[in-house]
Every structure is written in C-alpha cells, then in structure tokens.
Amino acid sequence: MKQQVLNFEEESHALSPLARLALPKDKDLPPVIRDIVGNAPKNRKLAAFVASLSPLCAMCPRVRLHYHYDSRPSALLLQVLIEGAQSSGKSFAADIESLIMDKTLKARDKAMRRIEQEYRDKRKRRKANEKLEEEPETTIRVVPPTISKTVLTKRADMYERVFGDTLTFWMFAEELAQVTDAGKNGYSNLRTIMRTAYDLGSQFGIDFASDNSYSAIVDINICSMFCATPSAIDDYFDKKAIEGGNITRTILCRLEDDLGEDGAIFQPYTPEQRARIDALLERLMQETYNPDGGLQPTVDLDMSWLDKTVCQWVRQKAKEASLSGNRALDVFRKRSSVSAFRVAALCQYLYGMEPSLSAEGGLSAKRSNSPKDGLTTKVVRKFVKQIYLFMAEYILQGMMDRWGTRFEELNSKRDMQNRPNSKPSLFDQLSETFNRAQLRAVLEEQGMTTPERVFICQWKRLRVIEEVEKGTYRKLDVKMLKC
C-alpha cells in the first residue's frame, strides 16, 4: 500500500499544474451553472462552464469586489473566447447565451429599442418646421460587436444621465470575423475600448466639434463572448493586440476533440430546470433594477478570505517565471489571477442566490448572501477556492499555449531594437591625433551626413580638442579640464 501511494505521488508531480486540479462536481457548482454543466456531454462540460461565465457576469453589474493587488474596486467583467475548428460545435455557446439573455437583458432591450424606433419614425414623418419632443433616454445593455465607438460612448453616457452610475454592456458574436471586419473601419475598431472595458473606472472619451456627433468621457464596461476559428483569432489578435494587452484580458477556451469523435449532444432542459434557471435569472434582474426602474445599491462582496490563496498563487508563478526566465509567464500570470478571481467571485455570489438552512450568516459584507441548502459557508468557500485555483491555471495555460511563444518573440525583437548601440562613440573611434579626412571617413562609415566641420566646431567649444596644425587636431585630457 505504501509503495502505491508513493507511485501515485510521483505520477501526480509529473502532471502539469492544471492536470492536478479540477472544478467541483456538477452537483456542487453554483445555480444556473450547475444545470448548464450537468446537461453537457463529458467532452463539453468545461467548455459549458466557461461559456456560462461572461453572460452571468453581465447579469450582475451591481456587484463590487476588492482584488488584493488593486487599489480601486473591481466589477464582474470577463471577456471569453471559444476557439474551435470549423464544424466543431461552437453553437453550444450561442444556446447558453440565449438561455441566459433572451428573457432578461434582451427582453428589456427590445422595449427600449422599440421606443427608439418609434422616435425615428416620428422624425421621418414630421412636417417642415414641426417641433418634436426631446429624444428619449434609453438604456440599452446588449450591443453588437459591429457597434461604432460613437454609439457605444453615447449608450454608456446614457447610463450616467439616467441612473447616475455605470452598467455593463453584453456583447456576443458567433463569428469573431464580424469584429475583425468591423475593426477595419476606424470608427468601429474596439480594440482599445475592449482593454479599458475590462476594468471598472477606466474611462474612454471622444470629443467632436460636429453637432451631429456625440462627445463624452465615459466608463465603458463590457462582458463579451466570441466564437472563432483559429485563423479568425490569428487575424484579430495581431501584433498590436498581443503587445497592447488584449490577449491577457481574455479567457480562451479551446475545443480540442479527438480525430473522428462524434458531435457533442447536450441534453434538453427539463421544465423543472427551466423554471429554476428562469427564477434565478429574474432575481438577478431584480438585484440590478429596483421596482421604480432605477438601479439597486451596489453590493460589496467580501472576498478577502481568498486573498491569501491569491497571493500564494501569484507569487508561485512569479518564482517559476524568475527561474525559467519566461517573460510571457511573468506577464500572463497577473491577469490570469484577476480573471480567475472574478470567476470565483461570481460563483460565490450565485451560491448566495439560493435559500439556505445554514445559520452561519452571509458571504456578503452588505446583504445576506448565504450558501445553498446543505452547504455551510466553509464548504462554499472550499468550492470557490477550488474554482479560483483551477481557473487561474486554466486561463494561464491557455494564454501560454496560444500566445506565449509569439509574445516572447515580439519582446525579444523590441529589446534588440531598443538596445543601446554597443559601438564606441564617434569621438572615441578617432585616434588621439586626427585630421578632417579621418573624421570624414568615420562619418561616412556610420552613415552620418552632418559635415565634419560641425563636430570640429562643437568639440572646440567644449574644449575636448585643440588644433595642432591646419586641419589636424589632438584630443585633450578631458578629466584634467576645469569646468
């Protein structure tokens, strides 16, 4: 028995860090996610878990949390990429998105967009010099990836005008190529906005002189999920996106089926599951909007108990990066932890959405956020910690496998270009006594076009040379010269 234990330990240490970790069992996952993952086939359970994260985060725009390494509050903001070859079954992500959004944000937006359309129709039908009422103030949450920067800024500013606070946009595309094609037009290139949209409080602004445009400085927050083929990801995450930090803000989920494997079939949801999911999603809507149509107060989610685990993981990866000299690992580890922390916070918040028989109190600092029936706060925190550690490794490994080598190449190339010239200075390349012809030859060798007389004049003024005869000069002992 002892020998078997040793063999198992040796085998486990030979595995990658991610292979030694796992998510909680299906039945132990938070509500909504539990049913989504539970109905997924074995080869899509992890993908179903990841695909449910970003839309659920978009449903929780009033949650605030404090990440150990950040000085300002954070929000539940995630950007997910589902990568798979053609016909790999990426449409499951669209099904999950519809399940979460159709009866909630999309239903609310439909009414808002109808108001906007009616106003546009009135404006078209108005008679000459007929005065229309003020343009309606609508708050749209679901936006297409082809949206222009101007319209996105206007919609974000409308949150501030109507509610006096910010909300989270939801953006989804079954083909990342939509985003790439739209980005070819400067007005719809959202790469910079997607970077600032990852952090609460990071502002974006546009300022135009035209009365027909819209100018504002706003806090744009976006949760997104894009499906893509490998080539589409290569097109979108180009050199600028890799060096600019777009890749470190993403959670990459790669669908890697075995050759000849059958298509993944998800079980249909039972009426009981549908009712359970709809009830919780409706509660999330109530946690966002009050009965009067305004916003509910923000919720400060207490995640301080996880800080020790976060610090240990980040420092362990820093040690690995230092020992290996891997700069990509050193850079990628930081936001891998941030995204994993937000996933863990989302799960803790969802656990608290279920009624509890526990008398241990809540998980949230400002409201009752108790664990589900039969689970104590201690058990819930065990699951949340397990989710954080798994997702931190998963996100990091995904980035390293996809962009690690390319990131290292780009950084090495930049270091070579920015490395100071190791050649001696122009002055040091000259002998102790030199003439104008020798100076001219050195200038030509270095490809410099400044005439030699300019340098002679400057060096004389600096008293680093003296003329010993016409056209011939001698270097002076600079250290002996007085200032």
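As the structure is a computational prediction, the values presented were derived from the model and not from experiment. (Residues numbered from 1 in each chain as written. Predicted model: local features only at pLDDT ≥ 70, side-chain atom pairs only at ≥ 80, totals over all residues. Heavy atoms only, no water.)

(A) Up close: the overall build of the chain. Each helix and strand in the chain was counted, giving 16 helices and 11 strands. Relative to its 483 residues, the chain shows a buried fraction of 48%. Residue pairs in contact within the chain that sit at least 24 positions apart in sequence constitute 73% of those at least 6 positions apart. Only carbon and sulfur atoms are counted for the fraction: they give 49% of the accessible area of the chain, which is about 25500 Å². (Helix = DSSP H or I, 4+ residues; strand = E, 2+ residues; numbered from the N terminus. Buried < 20%, exposed > 50% of the residue type's maximum accessible area, 1.4 Å probe, protein only. Contact = heavy atoms within 4.5 Å. Areas by Shrake-Rupley, 256 points an atom, 1.4 Å probe, with all protein chains shown as cover.)

(B) Representation of the pattern of salt bridges within the structure. Applying the stated criterion across every chain yields a total of 23 salt bridges. We note a salt bridge from Arg406 to Glu409, for which the minimum N-O separation is 3.8 Å. Here Arg406 and its partner Glu409 are both found in helix α14 (residues 377-418), three residues apart, which amounts to about one turn of the helix. Residue Arg406 is classed as partly exposed on the basis of its relative accessible area of 37%. Accessibility expressed as a relative area gives 44% for Glu409, which makes it partly exposed. The residue Glu452 makes a salt bridge to Arg440 at a minimum N-O spacing of 3.1 Å. Taken together, the positions of Glu452 in helix α16 (residues 452-461) and Arg440 in helix α15 (residues 436-445) put the pair 12 residues apart, joining distant regions of the chain. For Glu452, a relative accessible area of 15% translates into the label buried. Relative accessible area serves as the criterion here: at 35%, Arg440 is assigned to the partly exposed category. Linked by salt bridges that have partners in common, Glu83, Asp234, Arg254 and Arg402 make up one network. (Salt bridge = Lys/Arg side-chain N within 4 Å of Asp/Glu carboxyl O.)

(C) Quick peek at the pairing of strand β2 (residues 79-83). Burial of β2 is extensive: five of the five residues sit out of reach of the surface. Neither face of β2 is exposed, since Gln79, Leu81 and Glu83 on one face and Val80 and Ile82 on the opposite face are all buried. Taken together, the five bridges between β2 and strand β6 (residues 221-228) define a ladder with parallel strand orientation. Counted as the bridge partner of Gln79 is Ser224 from β6. (Pairing = 2+ DSSP bridges.)

(D) Up close: the nonpolar core. Residues Phe49, Ile82, Leu284, Met391 and Trp403 are the most contacted members of the largest nonpolar core, which totals 130 residues. The residues touching Trp403, leaving out its near neighbours within four places in the chain, are Leu81, Ile233, Phe237, Ile242, Ile247, Thr250, Leu252 and Phe332. Counting residues in hydrophobic clusters, the runner-up holds 13 residues, among them Phe427, Val442, Leu443 and Ile456. (Core = buried A, V, L, I, M, F, W, Y, C linked by side-chain atoms within 4.5 Å.)

(E) How the structure looks around the sheet that holds β6. The four strands are arranged β3-β6-β2-β7 in an open sheet whose pairing can be described as parallel. Whereas interior strands pair on both sides, the edge strands pair on one side only; in this sheet they are β3 (168-173) and β7 (250-254). Geometrically, the sheet is characterised by an average inter-axis angle of 10° between neighbouring strands, direction not taken into account. Bridge count for β2 against β7 is five bridges, and the pairing is parallel. (Axes fitted to C-alpha atoms, helices over the stretch in contact; angles between N-to-C directions.)

(F) Spotlight on a positive patch on the surface. On the surface, Arg113, Arg120, Arg123, Lys124 and Arg126 cluster together into a positively charged patch. Tracing the sequence through the fold places Arg123 in helix α5 (residues 105-125). Here Arg123 falls in the partly exposed class, since its relative accessible area comes to 41%. (Patch = residues over 30% accessible without salt bridge, like charges linked within 9 Å, V, L, I, M, F, W, Y side chains within 5 Å. Lys, Arg positive; Asp, Glu negative; His and termini not counted. Charge placed at Lys NZ, Arg CZ, Asp CG, Glu CD.)

(G) Geometry of the packing of aromatic side chains. This structure, assessed with the given rule, holds 15 aromatic pairs. Aromatic pair Tyr236 and Phe237: ring centres 4.8 Å apart, planes at 85°, arrangement edge-to-face. When sorted by exposure, Tyr236 lands in the same class as Phe237, which is buried. Ring geometry for Phe390 versus Tyr394: centroids 6.0 Å apart, planes at 15°, classification stacked. Highlighted residues: Phe390 and Tyr394, both in helix α14, separated by four residues, approximately one helical turn. One aromatic cluster is present, formed by Phe427, Phe434, Phe455, Trp459 and Tyr473 through successive ring pairs. In this arrangement the basic side chain of Lys475 is found over the ring face of Phe427, its NZ or CZ atom lying 4.7 Å from the centre. (Phe/Tyr/Trp six-rings, centres within 6.5 Å; stacked < 30°, edge-to-face > 60°. Lys NZ or Arg CZ within 6 Å of the ring centre and 35° of its normal.)

None of the figures reported here should be taken as evidence of function without further support.
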